[in-house]
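These are the residues of each chain, in order.
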Amino acid sequence: MVVTYLVALVLMGLSGALLDAHRRSWRLVKDSETVADCDLRFARSQYRRRVQASGTIGVLGAAIAIFPLVPHQPLPITMYLMAVSLACFAILLLAAADAWATRQHFIRLRAEHMAAQVKLMRELGREHARRHDS
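Anyway, here's the lowdown on the structure attached to this text. Note that the structure is predicted; figures quoted are calculated from it, not measured.

**Structural notes on the overall build of the protein**
Along its length, the protein carries 3 helices and 0 strands. Listing each helix as α and each strand as β along the protein from the N terminus yields α-α-α. In terms of overall size, the protein is more extended than a compact globule, its C-alpha atoms giving a radius of gyration of 24 Å where 134 residues would be expected to give roughly 14 Å. Expressed as lengths along the three principal axes of its C-alpha atoms, the size of the protein is roughly 90 × 30 × 25 Å. Among the 134 residues that make up the protein, the fraction classed as buried is 23%. Contacts in the protein between residues far apart in sequence, at least 24 positions, make up 74% of those at least 6 positions apart.

Below, the structure is given as structure tokens:
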């Protein structure tokens, strides 16, 4: 039983630490004057997903803590285990969505940087050809 409460406390503490870290990161991005609109939208969506996942981790910790209070009968135990399983699945889905969105964001950034690099190389080539012809 001590292990149950210890796991619950660790999950709730982790949830609080993660929520605080996400809030701090979001404030830094939100207060920055050099962030582009598309990066701000990405950061806002990322913040929302991560806060939902971190909050669900805290709820899961609380659910683990109340396990001894659940009546040891088939229906209450089944409902409890379904709720805990759904919370775990929600965390998994939010993490997968966050990973996919982050990957897409960095693919877009890479494409923009490659396009800018190609444009710069063309301009340098033209400048070099112009100087060479003069």
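Resuming the write-up.
**Observations regarding the pattern of salt bridges**
According to the stated counting rule, one finds 8 salt bridges in the structure shown. One salt-bridge network, in which partners are shared between bridges, spans D20, R23 and R24.

**Some details on the environment of R27**
Within the element layout of this structure, R27 appears in helix α1 (residues 2-31). A relative accessible area of 44% places R27 in the partly exposed class. Along the backbone, R27 and Y47 are 20 residues apart, and their C-alpha atoms lie at a distance of 9.9 Å.

**Some words on the packing of helix α2 (residues 37-65) against helix α3 (residues 74-133)**
Running from N to C, α2 and α3 point in directions that differ by 160 degrees, and their axes come no closer than 9 Å. Comparing the axis directions of α2 and α3 gives the class roughly antiparallel. Remark: the crossing between α2 and α3 carries left-handed chirality. Taken together, the residues of the contact of α2 with α3 sort by class into 16 nonpolar, 5 polar and 5 charged.

**Let's talk about the environment of Y47**
On the secondary structure map, Y47 appears in helix α2. On the basis of relative accessibility, which here comes to 26%, the residue Y47 falls in the partly exposed class. Linking Y47 and R103, residues 56 residues apart in sequence, is a C-alpha distance of 15 Å. Residues in contact with Y47, not counting those within four places in the same chain, are H22, R23 and W26.

**Let's talk about a nonpolar patch on the surface**
On the surface, a cluster of nonpolar side chains totalling about 320 Å² of accessible area is made up of F89, L92 and L93. Within the element layout of this structure, L93 appears in helix α3.

**Comments concerning the packing of aromatic side chains**
Applying the stated criterion across every chain, the model contains 2 aromatic pairs. Taking the centre distance of 5.6 Å and the plane angle of 20 degrees together, the rings of W26 and Y47 count as stacked. Here the residue W26 occupies a position in helix α1, and Y47 occupies one in helix α2, the gap between them amounting to 21 residues. With relative accessibility at 13%, the residue W26 sits in the buried group. Residues F67 and Y80 carry aromatic rings whose centres are separated by 5.3 Å and whose planes lie at 45 degrees to one another, so their mutual orientation is tilted. Of this pair, F67 sits in the loop between α2 and α3 while Y80 sits in helix α3, and the two are 13 residues apart along the sequence.

**A look at the nonpolar core**
The biggest cluster of nonpolar side chains holds 13 residues, and the ones touching the most others in it are L11, L60, I64, Y80 and V84. Those elements that provide at least two residues to this core are α1, α2 and α3. For I64, the residues in contact, after removing those within four places along its chain, are T4, V7, A8, L11 and Y80.

Thresholds, definitions, all that
- Residues numbered from 1 in each chain as written.
- Predicted model: local features only at pLDDT ≥ 70, side-chain atom pairs only at ≥ 80, totals over all residues.
- Heavy atoms only, no water.
- Helix = DSSP H or I, 4+ residues; strand = E, 2+ residues; numbered from the N terminus.
- Rg over C-alpha atoms; globule rule 2.2 N^0.38 Å.
- Buried < 20%, exposed > 50% of the residue type's maximum accessible area, 1.4 Å probe, protein only.
- Contact = heavy atoms within 4.5 Å.
- Salt bridge = Lys/Arg side-chain N within 4 Å of Asp/Glu carboxyl O.
- Axes fitted to C-alpha atoms, helices over the stretch in contact; angles between N-to-C directions.
- Parallel < 35°, antiparallel > 145°, perpendicular 65-115°, else oblique.
- Left-handed = near helix turned anticlockwise from the far one by under 90°.
- Nonpolar A, V, L, I, M, F, W, Y, C, P; charged D, E, K, R; others polar.
- Patch = residues over 30% accessible without salt bridge, like charges linked within 9 Å, V, L, I, M, F, W, Y side chains within 5 Å.
- Areas by Shrake-Rupley, 256 points an atom, 1.4 Å probe, with all protein chains shown as cover.
- Phe/Tyr/Trp six-rings, centres within 6.5 Å; stacked < 30°, edge-to-face > 60°.
- Core = buried A, V, L, I, M, F, W, Y, C linked by side-chain atoms within 4.5 Å.

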